[in-house]
Amino acid sequence: MDPKLLDILVCPVSKAPLEWNRESNEMICRASGLAYPIRDDIPVMLESEARTLTTDERLKESK
C-alpha cells in the first residue's frame, strides 16, 4: 500500500483515519467499526462493501 495514499484516505462514514491491516488486506476504521476491502491494490471505500469489525478487532490496538 502506498504510504502517501494512507496519509490522505479517511473513512467515508466517520471521516476518521484508516489503518492498513496487512494480514486481511483491508483498510480499518475503528471509529466506525468498518473494514474496507482492498482489491487489485485499490481500496474499495464504499460503506456497502465494508464489513463490520468484530468486538475484538475494534478494541485491538493498531500495530
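Some words on the overall build of the protein
Phase 1: Looking only at helices and strands, the protein has two helices and five strands in total.
Phase 2: Relative to a compact globule of 63 residues, whose C-alpha radius of gyration would be 11 Å, the protein shows 11 Å and is just as compact.
Phase 3: In terms of overall dimensions, the protein has a C-alpha envelope of 25 × 25 × 20 Å along the principal axes.
Phase 4: Taking all 63 residues of the protein together, the buried fraction comes to 30%.
Phase 5: Counted over contacts in the protein with a minimum sequence separation of 6, partners at least 24 positions apart contribute 27%.
Phase 6: Within the structure as shown, the protein displays about 4500 Å² of accessible surface, and the carbon and sulfur contribution to it stands at 51%.
Phase 7: Taking the average location of the 9 positive side-chain charges in the protein and that of its 12 negative ones, the two points are 2 Å from each other.

Section: the pairing of strand S3 (residues 34–39)
Phase 1: Burial of S3 is extensive: five of the six residues sit out of reach of the surface.
Phase 2: Relative to S3, strand S2 (residues 26–29) runs antiparallel, the two being bridged by four bridges. Across the sheet, Met27 pairs through a bridge with Tyr36, a residue of S3.
Phase 3: Linkage of S2 to S3, two consecutive antiparallel strands, is achieved through a turn of four residues, within which Gly33 is found at a positive phi near 75 degrees.
Phase 4: Two strands pair when backbone bridges link them, and S3 and strand S5 (residues 51–52) are joined in this way by two bridges, in the antiparallel orientation. When the sheet's bridge partners are listed, Ala35 is paired in S5 with Arg51.
Phase 5: When S3 meets strand S4 (residues 42–43), the two strands line up antiparallel, connected through two bridges. Each bridged residue has a counterpart across the sheet, and for Ile38 the counterpart in S4 is Pro43.

Re the nonpolar core
Phase 1: Judged by nonpolar contacts, Leu9, Cys11, Ala16, Leu18, Met27, Cys29, Leu34, Tyr36, Ile38 and Ala50 together constitute the single largest core of 10 residues.
Phase 2: Taken together, the elements giving at least two residues each to this core come down to S2 and S3.
Phase 3: Among the elements that take part in this core, S3 stands out by supplying three residues, more than any other.
Phase 4: Each residue touching Tyr36, except ones within four places of it in the same chain, is listed here: Cys11, Pro12, Val13, Leu18, Glu26, Met27, Val44, Met45, Leu46, Glu47 and Ala50.

Criteria and cut-off values
- Numbering of residues begins from 1 in every chain and follows the order in which that chain's sequence is written.
- Only residues with pLDDT of at least 70 get local features here, since the model is predicted, and only at 80 or more are side-chain atom pairs given and counted; chain-wide, interface and lining totals rely on the full set of residues.
- The basis for the side-chain values is all heavy atoms of the structure; hydrogens and waters are excluded.
- Helix numbers and strand numbers start at the N terminus; a helix is a DSSP run of H or I with at least 4 residues, a strand a run of E with at least 2.
- Within these notes, the globule rule equals 2.2 Å times the number of residues to the 0.38 power, and the radius of gyration is based on C-alpha atoms.
- Burial classification: accessible surface area is computed with a 1.4 Å probe over protein chains only, and a residue below 20% of its type maximum counts as buried, one above 50% as exposed, and the rest as partly exposed.
- Note on contacts: a residue pair is in contact if any heavy atoms of the two residues lie within 4.5 Å.
- Using a 1.4 Å probe, the Shrake-Rupley method yields the accessible areas, and only the shown protein chains count as cover for residues.
- Asp and Glu count as negative and Lys and Arg as positive, but His and the ends of the chain are not part of the count.
- By convention, the charge on Lys lies at NZ, on Arg at CZ, on Asp at CG and on Glu at CD.
- A pair of strands is labelled paired if DSSP reports no fewer than 2 bridges between them.
- Think of a nonpolar core as a cluster: buried Ala, Val, Leu, Ile, Met, Phe, Trp, Tyr and Cys residues, connected wherever their side-chain atoms sit within 4.5 Å.

Function-wise, these values are silent; they only describe arrangement.
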